[in-house]
Amino acid sequence: MRIEPVPALVGHLSVPGDKSISHRAVLIGAVCEGESHISGFGRSADTEATIAAVRALGVVVLEDDVDVLRIDGVGTDGLRASEAPIDCGNSGTSMRLLAGLVAGQRGRFELAGDASLSARPMERVAEPLRRMGARIATTDGHAPLVIDGAELRAVDYELPVASAQVKSAVLLAGLRADGRTTVVEPTPTRDHTERMLERAGARVTRRPTSVSVEPGDELRLGELEIPGDISSAAPFFVAAAIVPGSAITVHGIGLNPRRTGLLDVLERMGAKVAIYNRRPIGGEPAGDVEVRASDLVGAAVSAEEIPSLIDELPLLAVAASHARGDTIVHGAQELRVKESDRLEALVEELRRIGGHVRATADGFHVRGVPARLRGGVVDSRGDHRLAMLGAVAGVASREGVDLRGAEAVAVSFPGFFDVLEQVASGAVHYPPAS
Ligand code: S3P
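First, a word on scope: everything that follows refers to the structure included in this document.

Parameters at a glance
Residues numbered from 1 in each chain as written. Predicted model: local features only at pLDDT ≥ 70, side-chain atom pairs only at ≥ 80, totals over all residues. Heavy atoms only, no water. Helix = DSSP H or I, 4+ residues; strand = E, 2+ residues; numbered from the N terminus. Polar contact = N/O pair within 3.5 Å; in protein donor to acceptor, adjacent residues only side chain to side chain. Contact = heavy atoms within 4.5 Å. Near = heavy atom within 4 Å. Areas by Shrake-Rupley, 256 points an atom, 1.4 Å probe, with all protein chains shown as cover. Domains from an automatic or database assignment. Core = buried A, V, L, I, M, F, W, Y, C linked by side-chain atoms within 4.5 Å. Buried < 20%, exposed > 50% of the residue type's maximum accessible area, 1.4 Å probe, protein only. Pairing = 2+ DSSP bridges.

### Considering the side chain of Ser 212
Among the secondary structure elements, Ser 212 is positioned in strand E13 (residues 210-214). Here the side chain of Ser 212 touches Arg 207 through a polar contact of 2.8 Å, side chain to side chain. When sequence neighbours within four positions are dropped, the list of residues in contact with Ser 212 reads Arg 180, Thr 181, Thr 182, Arg 203, Val 204, Thr 205 and Arg 207.

### Considering the site of the ligand
Residues in contact with the ligand, as listed here, are Ser 20, Arg 24, Thr 93, Arg 96, Ala 162, Ser 163, Ala 164, Gln 165, Arg 190, Ile 310, Asp 311 and Lys 338. Between an oxygen atom of the ligand and a side-chain N or O atom of Arg 24, the distance comes to 2.6 Å. Take Ala 164: an N or O atom from its main chain is 3.0 Å from an oxygen atom of the ligand. Relative to its free-state accessible area of 380 Å², the ligand is covered by the protein chains to the extent of 95%. If you list the elements that add at least two residues to the shell around the ligand, you get helix H1 (19-30), helix H3 (92-102) and helix H6 (164-174). Residues from two domains meet in the shell around the ligand; each of domain 1 (2-16 + 227-425) and domain 2 (19-194) gives at least three.

### Considering the nonpolar core
Residues Phe 237, Leu 313 and Phe 364 are the most contacted members of the largest nonpolar core, which totals 78 residues. With ten residues, the top contributor of residues to this core is helix H8 (residues 230-242). Residue contacts for Phe 237: discarding those within four places in its chain leaves Ile 230, Val 250, Ile 253, Leu 263, Leu 266, Val 289 and Val 291. If you look at the next biggest cluster of nonpolar residues, it comprises 65 residues, including Ala 30, Val 31, Met 95 and Leu 221.

### Details of the sheet that holds strand E7 (residues 108-112)
Sheet architecture is open: four strands sit in the order E6-E7-E9-E8, paired in mixed fashion. Unpaired on one side and paired on the other, strand E6 (86-87) and strand E8 (135-139) mark the two borders of the sheet. Here two bridges tie E6 to E7, and the two strands are oriented parallel to one another. Each residue of the ladder has a partner; that of Ile 86, found in E7, is Leu 111.

### Considerations on the sheet that holds strand E21 (residues 363-368)
Read from one edge of the open sheet, four strands run E18-E19-E21-E20, paired in mixed fashion. Each of the sheet's edge strands pairs with one partner strand only, and the pair in question is strand E18 (300-301) and strand E20 (357-360). Sheet topology places E18 next to strand E19 (residues 325-329); two bridges connect them, and they run parallel. Considered in E19, the bridge of Ala 300 is made with Ile 328.

Take a look at the structure:
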């Protein structure tokens, strides 16, 4: 796909529902009592994999609209083993959270995924679940996983890597354990699971660096609205921040403080970020966010901040390439085990189009130049976040970008290019001339 440079990006838009929260709504709705009504569901290849998975486990999911679901929950002990392997596609969240959800059920469950997911580490989730008594076999540490349901015991588990997926798997397994399960996190990660479990009536105790869940309660989600996905808004924020004359407002997005790291760093770099209409949506902080272009300077990003912008780091590297001076990102090794080796990929792909980026021992370093990148070829390597990197770099470039593997965006945001075209073609300069 050819991405042409644009003079400015201007407009108001909304993005699909948060992917992390959408997965959780389906998984937690599946083990609730009675019907859950989900609106603002973020439909994508990843979240459809989760719908298909719970259907395979005997849960009825009705799709009333593209973003409206009704889930007929079977209770915390009602999931049924499926004959065929459950295909999690490209989705790490589906696989890791499902592993926790089925570990304490009856029967055998096999979880499989595509080539990218099958290359990602799964011992990190199998190990704590085994401590709880789960019977899980990985394939040399990877998918496919074979799980034989077992009686689970409660544990106190300290996460060795900051991972919301692992934390969530342990908490979901904790719903079927024999006491209070606690997860200690060295660095806080997204807390959508604990928020939603609490909302559904589970006994959840939250402390600054740990969270506990107890089994035994009947869960009810009822009506749940999901805010827009800040990770899907992120490409528009970065494009608006770096293309002179741009101003973009994204309405109704989640602003959970454990997800807003990109906005914090962009502000530190000098971008104009304004938040309006702060309000809760579905038990999550949310609001409307406007980002306007300005001259950016480089910034330092610390390891503690990484979980709050982990999926936005490839885009941050694009912003940093357009900023004056150096941007240094620490503690970002986890990028190596995402849908691709995103550290190597972002360095190589940005270099190919004129960026000055290098990998460091624990992250990356960008030498920014306050001018448009040259442009050229960007390959997504089948990774949605890299396809978005290529698209944003393309609109902000001098010569445009030939984006290979653009279709990968469907993993999280199937309509991404339509929205991009709208804000690019509506390119009236800001503020309006008259
Ligand atoms: C996610 C957690 C993060 C993130 C992923 C979604 C989640 O992964 O990168 O895109 O929904 O819990 P880790 O938990 O592996 O850090």
